[in-house]
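# Summary of structural features
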Amino acid sequence: MKKRVCVLPGDGIGPEIVAEAVKVLDALALPIEYEYALLGGAAIDATGEPYPEATREAARRADAVLLGAVGGPKWDELPRAQRPERGLLGIRKDLGLFANLRPAVLFPELASASALKPEVVSGLDIVIVRELTGDIYFGEPRGIEVRDGERVGFNTMIYRESEIRRIGRVAFETARRRGKKLCSVDKMNVLETTQLWRDVMNELAPEYPDVTLTHMLVDNAAMQLVRAPKQFDVIVTGNMFGDILSDEAAMLTGSIGMLPSASLDEQGKGLYEPCHGSAPDIAGQGVANPLATILSAAMMLRHSFGWEEAAARIERAVRAVLAQGLRTRDIFEPGTRLVGTAEMGEAVVAALR
Ligand code: NAD
């Protein structure tokens, strides 16, 4: 049975980097068929909507979605509800993507790109699993109102145990496939919601005897991520803490053009995209780094299709081109060879062989 991938190139550098990822997938001759659709600004230009019905249908039909990026100055003046970013929120919500996986891998060849000392980050390989559809970002009641003559802002931090359990399972499974260490991050000393979070994680642990579960308070986790990030394997946390910690972890690597991500639903269907945006400043110049998108495609093979060997082959090929000294402009250093988007993609294809 062929796997159906909905491809959404999007805007800016999106089409350029997605083309390279598809090139790499094609070179593996896997049983995949593609269906291309429009999202973001490209969809607005063609249909007036950032997430048109045809795209919704294609995304629902697919086994996985591969996305470039959306947005750009051309659409910044539109009312908020019609902007490209709404397309992204729309598809995430529509597909019920509750688990966000963000690996932060620092290839040893790029250790000097990090703001941290090379010995602290070289060889870093962690994954942050962030709950994506709950927590204080969605909790009700919320608002700003006048009480006793002054304005009061309020939000509700809330998690059901079923929501904690399903993200916990994704995290334990992820840890099981890697270094078998899971650190759950909470603030149980102050917040009851996260006391429940910790309790549910502990209840799950006996089902995964091969994984070592530890807990850390979020303030300490923020500190440990810059002090000694290599102590972590997989981190699991709620929506708000995950928002902050995943950006912190991303910056440990120093190169945004290298970072993939996955957002999964309960059946393992996922949306795969680079962590960066549409980079309108370099769009159309053939200089964008396609590696984050290529690595996102590898995540797709692993998480949605269970094709671990093919995923690992792509990751080894990316490593190999970095070891050969090939660099796009964003990761270029003196003594390495500057290449464009297509040349980088072709080098990864060559390294697959
Ligand atoms: P950005 O990530 O697009 O760019 C930030 C900087 O990083 C730019 O200098 C850019 O040239 C560089 N950069 C990003 N990706 C690169 C790559 N692959 N290779 C080389 N350099 C790269 O962030 P921004 O400038 O804040 O946002 C631009 C647009 O992207 C906005 O419209 C924003 O809303 C949108 N955006 C979309 C997503 C998404 O689709 N998931 C995420 C973030 C931002």
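Residues numbered from 1 in each chain as written. Predicted model: local features only at pLDDT ≥ 70, side-chain atom pairs only at ≥ 80, totals over all residues. Heavy atoms only, no water.

### Describing the site of the ligand
Taken together, 20 residues are adjacent to the ligand, and E85, G277, A279, D281 and N289 come closest. A distance of 3.2 Å separates a nitrogen atom of the ligand from a polar side-chain atom of E273. Protein burial of the ligand: of its 800 Å² of free accessible surface, 68% is covered by the chains. Classifying every residue of the shell around the ligand by side-chain character gives nine nonpolar, seven polar and four charged. (Near = heavy atom within 4 Å. Polar contact = N/O pair within 3.5 Å; in protein donor to acceptor, adjacent residues only side chain to side chain. Areas by Shrake-Rupley, 256 points an atom, 1.4 Å probe, with all protein chains shown as cover. Nonpolar A, V, L, I, M, F, W, Y, C, P; charged D, E, K, R; others polar.)

### Quick look at the pairing of strand β11 (residues 260–264)
Across a regular strand the side chains alternate sides, sitting on one face of the sheet and then on the other. With respect to burial, β11 is a largely interior element, five of its five residues being buried. Here β11 shows no split at all, with P260, A262 and L264 on one side and S261 and S263 on the other all buried. Pairing analysis gives three bridges linking strand β4 (residues 99–105) to β11, with the strands arranged antiparallel. The partner of N100 across the bridge, within β11, is S263. As judged from the five bridges shared by β11 and strand β12 (residues 270–274), these two strands associate in the antiparallel manner. (Buried < 20%, exposed > 50% of the residue type's maximum accessible area, 1.4 Å probe, protein only. Helix = DSSP H or I, 4+ residues; strand = E, 2+ residues; numbered from the N terminus. Pairing = 2+ DSSP bridges.)

### A short note on the pattern of salt bridges
Summed over the entire model, instances satisfying the criterion amount to 24 salt bridges. Across the pair E145 and R147 runs a salt bridge whose closest N-O atoms are separated by 2.9 Å. Looking at E145, the relative accessible area reads 36%, which means it is partly exposed. Linking R316 and E309 is a salt bridge whose minimum nitrogen-to-oxygen distance equals 3.2 Å. When its relative accessible area of 48% is taken as the criterion, R316 is described as partly exposed. (Salt bridge = Lys/Arg side-chain N within 4 Å of Asp/Glu carboxyl O.)

### Observations concerning the sheet that holds strand β8 (residues 181–186)
Strands belonging to one sheet form pairs held by backbone hydrogen bonds; the direction of such a pair is parallel or antiparallel. Strand order in this open sheet of 10 strands is β2-β1-β3-β12-β11-β4-β5-β10-β8-β9, and the pairing throughout is mixed. Edge positions in the sheet fall to β2 (32–36) and β9 (212–217), since each has one partner strand and no second. Taken pair by pair, the neighbouring strands of this sheet meet at an average axis angle of 20°, ignoring direction. (Axes fitted to C-alpha atoms, helices over the stretch in contact; angles between N-to-C directions.)

### Quick look at the packing of aromatic side chains
Under the defined criterion, the tally for this structure stands at three aromatic pairs. Taken together, a centroid distance of 5.4 Å and an interplanar angle of 55° make the contact between Y159 and W197 tilted. In this pair, Y159 is assigned in the loop between β7 (150–154) and α6 (161–176) and W197 in helix α7 (residues 192–204), connecting sequence segments 38 residues apart. Sitting over the ring of F154, R147 keeps its end group 4.8 Å from the ring centre. Above the ring of F98, the side-chain terminus of R166 is found at 4.1 Å from the ring centroid. (Phe/Tyr/Trp six-rings, centres within 6.5 Å; stacked < 30°, edge-to-face > 60°. Lys NZ or Arg CZ within 6 Å of the ring centre and 35° of its normal.)

### Observations concerning the nonpolar core
In terms of nonpolar packing, the biggest core is built from 86 residues, with L101, V129, L182, L301 and I314 touching the most fellow members. Among the elements that line this core, the one with the most residues is helix α10 (residues 291–303), at eight residues. Per-domain counts for this core show at least three residues from each of domain 1 (1–98 + 271–353) and domain 2 (99–264). Discounting chain neighbours no more than four positions away, the residues touching L182 are A171, F172, A175, V211, T212, L213, T214, V234, I235 and V236. In terms of nonpolar packing, the next biggest core, distinct from the first, is built from 16 residues, L39, A58, L88 and I91 among them. (Core = buried A, V, L, I, M, F, W, Y, C linked by side-chain atoms within 4.5 Å. Domains from an automatic or database assignment. Contact = heavy atoms within 4.5 Å.)

### Some remarks on the domain arrangement of the protein
Per the domain assignment, the segments making up the protein are domain 1 (1–98 + 271–353) and domain 2 (99–264). The centre of domain 1, based on its C-alpha atoms, is set 24 Å off from the matching centre of domain 2. The interface is formed by 24 residues belonging to domain 1 together with 28 residues belonging to domain 2. Here domain 1 and domain 2 share an interface that buries about 2400 Å² over both sides, 65% of which is from carbon and sulfur atoms. Where domain 1 meets domain 2, there are zero salt bridges. Inspection of the region where domain 1 meets domain 2 yields 10 residue pairs in polar contact (both at pLDDT 80 or more). Contributing elements (two or more residues each) for the side of domain 1 that touches domain 2: β12, α10 and α11 (308–323). The element best represented in the side of domain 1 that touches domain 2 is α10, accounting for six residues. (Buried area = accessible area lost by both parts, 1.4 Å probe.)

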